[in-house]
Protein chains: 2
Amino acid sequence: MKISANVSSMQFSPIRRFNPIAAEAEASGKKVYKLNIGQPDIETPTCFFDAVKHFDEKVLAYEQSSGDARLIDAIRDYNRRDYGVELSADDIIVTMGASEALNMTFATILDAGDEVLIAEPFYSNYSTFIKTVFGRIRPIPTRSEDGYRYADRKTLESALTPECRAIVCINPGNPTGLVLTRKEMETIANFAIEHDLWIISDEAYREYVYDGLTPTSFGCISRVADRLIVIDSVSKRFSACGARIGYAACKNEDFMSGMMKLAQARLCVPTIDQIGAAAMFRLPGSYYDETRAKYQARRDAAYEEIMKIPHVICRKPQGAFYMMIDLPVDDAEDFLMFMLTKFEDHGETVMFAPAPGFYQTPGSGRSEIRIAYVLNPDDMRRGCELLRLGVRAYNAVKRRAAS
Amino acid sequence: MKISANVSSMQFSPIRRFNPIAAEAEASGKKVYKLNIGQPDIETPTCFFDAVKHFDEKVLAYEQSSGDARLIDAIRDYNRRDYGVELSADDIIVTMGASEALNMTFATILDAGDEVLIAEPFYSNYSTFIKTVFGRIRPIPTRSEDGYRYADRKTLESALTPECRAIVCINPGNPTGLVLTRKEMETIANFAIEHDLWIISDEAYREYVYDGLTPTSFGCISRVADRLIVIDSVSKRFSACGARIGYAACKNEDFMSGMMKLAQARLCVPTIDQIGAAAMFRLPGSYYDETRAKYQARRDAAYEEIMKIPHVICRKPQGAFYMMIDLPVDDAEDFLMFMLTKFEDHGETVMFAPAPGFYQTPGSGRSEIRIAYVLNPDDMRRGCELLRLGVRAYNAVKRRAAS
């Protein structure tokens, strides 16, 4: 039986495809520190579970396709209070995580062969979302030495093609942790206006910026309101990845009309998770301050340990909870297989995401990995120590094999 | 800003697009009997809510992309116990309702321009799912006088084109309520083998067959195992539409590999709803017997009342909980607008789904509607009585306008 050529050309998630091998390592008794996936160990706010437990309808009915009215209200209040962004209820469609918002967004704006600009390395699932509707990614090249910055006029212009319909900004960045400056955001805004591009601003990590930086949103730049699609999610903000609640916000009526056709076709998003999410959006500002401090401590612990690896290249990221690390290894995927199947230190090893999956350009990122600093500082230190011990053991094996 | 030509060509849900007008009628104080949507008033089994309330993890974490292991086990046991169908864990991917299973299925098997056979009228969201990946529906024509039967060799052969990759069977049927006979299923199986087609069997209404018919599954026909994709959902079976839990089951490894790429990209399905769904799949067989009897009583009440409408054409459906009705009106959409904005009887009116949205062939189904017999028998009787009174009032207004 024939599978579509389109799906055949897609890759498995570089973050998830090694899961079965990690599961085997665990089954054999090893402890695996999971730095591969953005799954925080921070407790989900109890208000989520309280709201879910107080649900007392007898029939678990469909919700509106655009989302539960109480959740939409909470999203509006949160955007107004924390970012000064005014959204009407019609500007919001609640989705199954940011993932569905992105799937629906690309289906709404792209025809076959259309292209989307995105800085490389990028969150790999964009590739699948865009390919599903026969679109193509046009990568904006960056360099680890420059901290993966991309938002200058010259770099943007040289990546542009006539087929480009949109520019994606994951801000704060995944996998790079890059936080755009206000000047860079203005540059992107001007570039998008000049070339009539949609701006897709993936702000799932909005609040998680460090070293005193102020959280922001593309929604604050009002002159792009008719071309701006903000993608957001409760997964990372509230450590509620399993709720699968996100949303797309946009003030362009044609766009929202297209989105609504797709939203109606899939009927709605789970009812009780929406009720729980509404409660979380009403958490006070102190929640973000406390959680931000936790991530900053995790980042600092990880970075300190990572810098002990001889010949490593790593810049301290200022946002999200990911760190790109250029390791002194030939092949990060082969190194990961080594770590999961051969290496152990006191019965422990570490898992990470090899970077080639975050690049579209063949051969890029071979020695790079992404880690997520989602575990408590002690676990982060131990995970990064295992990386250092692993690099040494791996290169020793390589040298023996070569001699 | 440009929206994709593809999404522009899609329609809004014929089941949901009149919701805002119904909401206005309700805001004005009218009671609206909602026969437009398959939202049962039957209580969701309490085991769902009990399981949800006993969830006691501190972190609401991502689930596996393929689904929660306990839910997959429960789905396997249910299929074995009730249908004699053996599925391995690798044969199942849990999805956000049947809707996501269908979105992912068409993305996995279709390339741009590929076609899918489906009997017309069909559940309208198929059109959106298939168009999203640039596929096309090839409708198999049916006639209300034949009870919408389509599964004979000649009818199937004459609809086939070289571009067809799959045949969809919604069984029991939505919107027609048609239940395939075993002979018809064998005919479809042979036809699919001969022309190398996938069989997509949408069995969301499996248990709801009446008049002593036995529930069945395409999974019972083992010679199509390598080309069969079963789509299923808890929404209708357990009156749990707001849980948004479904699954795709298939024994073809290439297909499941493609599905897994898409499943990994959207990460996972909500965690607590999966736990609730697992409990429902473990309900005893008596649950289905009781619920089936309720729907049969609702169907009988509705049908009896519908047959009082002069000049109506309607066949008593044998499955699902929908009924197609050919009314003595010129235009079912105009009639619905009349019912929501002008008509009332003792402050009450009724909402239904106009049938043109279930046809792809232009001009078809103009005088037909679909009702869902999801309300208790008294409400069904009253809803259908309002239809009868409405038809009389609508045609009287029409006659006055014409004279």
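Residues numbered from 1 in each chain as written. Chains lettered and ligands numbered in written order. Predicted model: local features only at pLDDT ≥ 70, side-chain atom pairs only at ≥ 80, totals over all residues.

1. Some points on the overall build of chain A
Cut-off, in case you're wondering: Secondary structure counts use DSSP, requiring at least four H or I residues in a row for a helix and at least two E residues in a row for a strand, with both numbered from the N terminus. In this description the radius of gyration comes from C-alpha coordinates, and the expected globular size is given by 2.2 Å times residues to the power 0.38. Here exposure depends only on C-beta density: within 10 Å of a residue's C-beta, 20 or more other C-beta atoms make it buried, 12 or fewer make it exposed, and intermediate numbers make it partly exposed, the C-beta atoms being placed from the backbone. Think of it this way: build a C-beta for each residue from its backbone, and any pair within 7 Å is a contact.
Within chain A, the secondary structure is distributed over 13 helices and 12 strands. Whereas a compact globule of 403 residues would reach a radius of gyration of roughly 22 Å, chain A reaches 21 Å, a difference of no more than 12%. Overall, chain A is about 65 × 55 × 50 Å in size when its C-alpha atoms are taken along their principal axes. When each of the 403 residues of chain A is scored for burial, the buried share is 55%. Look at the contacts in chain A between residues 6 or more apart in sequence, and 76% of them connect residues 24 or more apart.

2. A word on unusual backbone geometry
Omega for the bond connecting asparagine 171 of chain A with proline 172 of chain A falls within 30 degrees of zero, at -5°, which places this linkage in the cis form. In this structure, proline 172 of chain A sits in the loop between strand S5 (164-170) and helix H8 (182-194). Following glutamate 120 of chain B, the chain continues to proline 121 of chain B via a peptide bond in cis, the omega torsion being 5°. If you trace the backbone, proline 121 of chain B turns up in the loop between strand S3 (115-120) and helix H6 (125-132). A positive phi angle, close to 55°, is found at aspartate 196 of chain A, a residue other than glycine. Tracing the chain through its elements places aspartate 196 of chain A in the loop between H8 and strand S6 (198-202). According to the C-beta neighbour criterion, aspartate 196 of chain A is exposed, with 11 such atoms within 10 Å. The backbone of alanine 320 of chain A shows a phi angle near 55°, a positive value even though the residue is not glycine. Structurally, alanine 320 of chain A can be placed in the loop between helix H11 (285-306) and strand S9 (322-326).

3. Considerations on helix H6 (residues 125-132) of chain A
Residues and elements named next belong to chain A. H6 sits mainly inside the fold: eight of its eight residues count as buried. Among the residues of H6, Asn125, Tyr126, Ser127, Thr128, Phe129, Ile130, Lys131 and Thr132 are the ones counted as buried. Note on H6: the residue one or two positions beyond its end, phenylalanine 134, has a positive phi of about 65°.

4. Here we look at H8 of chain A
Residue and element names in this part refer to chain A. Counted only if it meets this: Working rule for helices: expected span equals 1.5 Å times residues minus one. Here the arc refers to the directions that run from the helix axis out to each C-beta atom.
The end-to-end C-alpha separation of H8 is 18 Å, in line with the 18 Å expected for 13 residues at 1.5 Å each. Buried within H8 we find Met185, Ile188 and Ala192. For H8, the angular spread of buried residues about the axis comes to 60°, placing them on one side. Facing away from the buried side of H8 by more than 90 degrees, the exposed set consists of Lys183 and Glu194. Of the residues flanking the end of H8, it is aspartate 196, one or two places downstream, whose phi is positive at about 55°.

5. Overview of the sheet that holds strand S11 (residues 353-354) of chain A
All names here are of chain A. Definition in use: For two strands to pair, DSSP has to find at least two bridges joining them.
With antiparallel pairing, three strands are arranged side by side in an open sheet as S9-S12-S11. Edge strands, defined here as strands with exactly one partner in the open sheet, are S9 and S11. When S9 meets strand S12 (residues 368-372), the two strands line up antiparallel, connected through five bridges. Note on S12: the bridge partner recorded for isoleucine 325 is isoleucine 369.

6. A short note on the interface of chain B and chain A
Let me state the cut-off plainly: Any residue that is not Ala, Val, Leu, Ile, Met, Phe, Trp, Tyr, Cys, Pro, Asp, Glu, Lys or Arg is counted as polar, Gly included; the first ten are nonpolar and the last four charged.
The partner chain A presents 67 residues to the 67 residues of chain B that form the contact. Contributing elements (two or more residues each) for the side of chain B that touches chain A: helix H1 (5-8), helix H3 (46-53), helix H5 (97-109), H6, helix H9 (253-265) and helix H10 (271-281) of chain B. Among the elements that take part in the side of chain B that touches chain A, H9 of chain B stands out by supplying eight residues, more than any other. For the side of chain B that touches chain A, the residue count by class is 33 nonpolar, 19 polar and 15 charged.

7. Things to note about the environment of aspartate 56 of chain B
Inspection of the secondary structure puts aspartate 56 of chain B in the loop between H3 and helix H4 (69-83). Separated by 68 residues in sequence, aspartate 56 of chain B and serine 124 of chain B place their C-alpha atoms 40 Å apart.

8. Some thoughts on the sheet that holds strand S8 (residues 246-250) of chain A
Residues and elements named next belong to chain A. To keep things clear, this is the line we draw: Axis lines are fitted to C-alpha atoms, over the contacting stretch for helices. Their N-to-C directions set the angle, which ranges from 0 to 180 degrees.
Ordered in space as S2-S8-S7-S6-S5-S3-S4, the seven strands form an open sheet in which the pairing is mixed. Every interior strand has two partners, whereas the edge strands, strand S2 (92-95) and strand S4 (136-141), have only one. Direction aside, the axes of adjacent strands within the sheet are offset by 25° on average. Together, strand S3 (115-120), S4 and S5 form the strand contacts of H6, whose direction differs from that of S4 by roughly 145°.

9. Digging into the pairing of S8 of chain A
All names here are of chain A. S8 sits mainly inside the fold: five of its five residues count as buried. Where burial is concerned, the two faces of S8 agree: the one with Gly246, Ala248 and Cys250 and the one with Tyr247 and Ala249 are both buried. As paired elements, S2 and S8 share four bridges and run antiparallel to each other. Residue pairing across strands places threonine 95 opposite glycine 246, the latter belonging to S8.

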